[in-house]
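The chain contents come next:
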Amino acid sequence: MKQKKMLALTLSQLEQLYRHELPELVNIATQSDNTETFKTRLLEYIAGHPEVENEASKQIRLLIEFDGREVHELSTGKQLSISTLSMLYSFLTGQWIDDTETDLFIDLFQQFKRLRQPIPSIPSAQKIKALTKRWPTGLDEEVQQIQIKNKERILHALIQKIEHRKHPTSHFHFEEGISYEEKYRLVNEWWNDFRFHLAMAIKSPTELNRFLGNSLSAETMYLLSKARKKGMPFFATPYYLSLLNCTPNGYDDEALRSYILYSPQLVETYGQIHAWEREDIVEEGKPNAAGWLLPDGHNIHRRYPEVAILIPDTMGRACGGLCASCQRMYDFQSKRLNFEFDTLHPKESWEKKLRRLMNYFEEDAQLRDILITGGDALMSQNKTLRNILDAVYRMAARKRKANEERPEGEKYAELQRIRLGSRLPAYLPMRINDELVEILKKFKEKASTIGIRQFIIQTHFQTPLEVTPEAAKGIHKLLSAGWLIDNQLVYNVAASRRGHTARLRQILNQLGVVCYYTFSVKGFEENNAVFTPNSRSVQEQQEEKYFGKLSKEDARNLSASLETSHDPATCIRHFLKTHHLPFLATDRNVLNLPAIGKSMTFKMVGITDEGKRILCFDHDNTRRHSPIINRMGQVYIVENKSIASYLRQLQYMGEDAEEYATIWNYTEGKTEYRFSLYEYPDFPFQITEKMTNLEIA
């Protein structure tokens, strides 16, 4: 049966489908006196039919094993009773309530249907190529023509905005008596200044609609107005709005819109949003959930032994736009993050605090990697960023010097990697100016002499449409500073469409960007509209990313080349051509667990009455964790959307659900190994096994 028809079935139609397609299953249920007998006979049936002993039968056994059990669901912190097979028994024996969801029984039908079906083959390279080619990029001429017209419309709107400003800034205002043509020329010139876009950012629904040519629906306007009344911030730059397609024709811009337009669920839950990762909740003087003691819970975040995040008390705490699926939305609720830039300039006390934060890195036995983010690291002014980098340099030098006095086996890990987390290459590429490039270049030259080996801009392109000529120019400038660029993608519904992620990898690779992570959206209710089930992530990994897979030897060789190359873009293009690859599958598909760390190692152990899969996760065994995971065991999570609901959403967006038909088969996943470039280099000495700043009760 076609997916489209399956997703529209009523409960009574589903019951008929079971009787027609799965008569043996129905007979087992009707001949059983209760749920326990039903489960026992199912096990006997599988054992007595060795021809059905496959991955599907293992999955059925797992559902039987967990039926009737209670587990601790970590994202909510509540106990959860699993009754998947019990509900199926009630349904097959006519005891089920008529007005409930169908999604549970659609998923279970697919699981039992797999028992008799051969394992489907993955789509051909030609098929994936066709699915990939349908996604345009910001470098395509047709897209650029629409965006040029958008820019012209927005320039006129900006003139009006400047003319009506009550408190014009010293930088961007019109002198009395100048002509409209002169105003247009000035605004067009200011367009290339990132500060102009920040100063002119759109912050209200009415203004947003005006800048988008009054193209927003009444429903969207009502929702955004409701969000504003609740105190939700909105912030979008004129540049980013120029990427959207406001015409009924042209390219599909859903991946852009899903990042700046809020969903009903997000608006409804705003005010009650909680931190997903437990280690981000810090009480003064107490270790976080990973066991790490921190000098300041707002400035340093940590979950792993080797790396910690630094969030400066500067403009770097701000962003160039508010992403609808931002993991720190709860910080916007508390006003700890905001877009009131005047309040975010470095305070006089910041220099003193920065020294204290650097001491934390210097005196820690295992830290070797610092990720400066926020917010957004490149939102900091050049002078501020230079000061932060200088502080990192001095800290790394002192840590190296102190090691000279420590014996072999007791030496501390020295700083090897520095990363700047920024979405500005996509949101505001004109931020990447010559002065910034010079700061990055000089820092690398200096820091390389004291053992820092990896310099990475960790950016976030969400869609090929964000890869515009301006973005390509910014990428080229950053690479010219000698820093590598890697990309993190949030795998929301729009980005999860067939071929979309492959196309993004493809265009970024051509420009010299290496992909790092493909993140599942965290499953709290505020993200329901953009959540993609983890089974789709595994499907993408197995059926699409597969065509860019590298052997371990090729991965090592490419990593070595990238670390020494002065031209990563040419290096990558040559590698792709030589190895006949469409893109590099260097990113890992993972979920940030609401516990410690990232993983895609899971098994489906149940399904709720709403059809949401219950997943049991193990931690990523390819990297070191805080020792606390030895006490944590497995992590149980209920996804916040059923597979059927996800497929209906794709259909609404114009996708053919049949293209995703194998998604039901992906009931388990395994975390991929990290690309060689992301492994920490070996030290020329033996470091201590001691972990400092760790307290596990």
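Every chain's residues receive numbers from 1 upward, in the order its sequence appears when written. Two thresholds apply to this predicted model, a pLDDT of at least 70 for residue-level local features and 80 or more for giving and counting side-chain atom pairs, whereas whole-chain, interface and lining totals are computed over all residues. Side-chain numbers come from the whole structure's heavy atoms, not from hydrogens or water.

Per an unreviewed UniProt entry, the protein carries the name L-lysine 2,3-aminomutase and comes from Bacteroides helcogenes.

### Some points on the overall build of the protein
Our working definition: Helix and strand assignments follow DSSP, with helices taken as H or I runs no shorter than four residues and strands as E runs no shorter than two, numbered in order from the N terminus. Atoms counted for the radius of gyration: C-alpha only. Globule rule: 2.2 Å times the number of residues to the power 0.38. When accessible area is computed with a 1.4 Å probe and restricted to protein chains, residues below 20% of their type maximum are described as buried, those above 50% as exposed, and intermediate ones as partly exposed. Here, residues are in contact when the closest pair of their heavy atoms is within 4.5 Å. The protein chains shown are the only cover counted for residues, whose accessible areas, like all others here, come from Shrake-Rupley with a 1.4 Å probe. Counted charges follow a simple rule, with Lys and Arg positive, Asp and Glu negative, and His plus the chain ends left uncounted. Lysine's charge is taken at NZ, arginine's at CZ, aspartate's at CG and glutamate's at CD.
Counting its regular elements, the protein contains 28 helices and 15 strands. Expected size for 697 residues packed as a compact globule is a radius of gyration near 26 Å; at 27 Å, the protein falls within 12% of this value. Considered along the principal axes of its C-alpha atoms, the protein spans approximately 85 × 70 × 55 Å. Expressed as a percentage of its 697 residues, the buried residues of the protein come to 60%. The contacts of the protein with a sequence gap of at least 6 include a subset with a gap of at least 24, amounting to 78%. In the form shown here, the protein has an accessible surface area of approximately 29400 Å², with 49% of it arising from carbon and sulfur atoms. Between the mean site of the 92 positive side-chain charges and the mean site of the 91 negative ones, the protein shows a separation of 3 Å.

### Let's talk about helix H5 (residues 55-66)
Operational definition: A helix is expected to span 1.5 Å for every residue after the first. Each polar contact in these results corresponds to two N or O atoms within 3.5 Å; when the atoms are within protein, one needs to be able to donate a hydrogen and the other to accept it, and residues that are neighboring in sequence are counted only if both atoms are side-chain atoms.
Compared with the 16 Å implied by 1.5 Å per residue over 12 residues, the 17 Å span of H5 between its first and last C-alpha is a close match. Listed in full, the buried residues belonging to H5 are Ala56, Ser57, Gln59, Ile60, Leu62, Leu63, Ile64 and Phe66. Where the residues of H5 are buried, they touch helix H4 (35-48), helix H6 (84-92), helix H7 (103-113), strand S12 (601-607) and strand S14 (635-638). N-capping of H5 is provided by Asn54, with a side-chain oxygen placed 3.0 Å from the backbone N of Ala56. Immediately downstream of H5, the backbone of Gly68 shows phi near 95 degrees, a positive value.

### A closer look at the sheet that holds strand S5 (residues 369-372)
Heads up, the rule is: Two strands pair under a simple rule: DSSP has to find at least two bridges between them. To define axes, lines are fitted to C-alpha atoms, for helices over the stretch in contact only, and angles between the resulting N-to-C directions are given on a 0 to 180 degree scale.
Within the open sheet, the nine strands sit side by side as S3-S4-S5-S6-S7-S8-S9-S10-S11. Their pairing is mixed. In this open sheet, the two strands that pair with only one neighbour each are strand S3 (300-302) and strand S11 (598-599). Across four bridges, S5 lies against strand S6 (residues 417-422) in parallel orientation. Bridging from a neighbouring strand, Ile372 pairs with Leu420 of S6. Together, S3, strand S4 (307-310) and S5 form the strand contacts of helix H18 (residues 350-362), whose direction differs from that of S3 by roughly 25 degrees.

### Description of the side chain of Asp364
Relative to the elements of secondary structure, Asp364 occurs in the loop between H18 and S5. Polar side-chain contacts of Asp364 include one of 2.9 Å to the side chain of Asn693. Every residue in contact with Asp364, bar those within four places of it in the chain, is listed here: Arg302, Pro305, Lys399, Tyr412, Thr692 and Asn693.

### Observations regarding the domain arrangement of the protein
Rule in force here: Domain start and stop points were drawn from an automatic or database domain assignment.
Taken domain by domain, the protein holds domain 1 (1-136 + 537-680) and domain 2 (141-251). A separation of 42 Å is found between the C-alpha centroids of domain 1 and domain 2.

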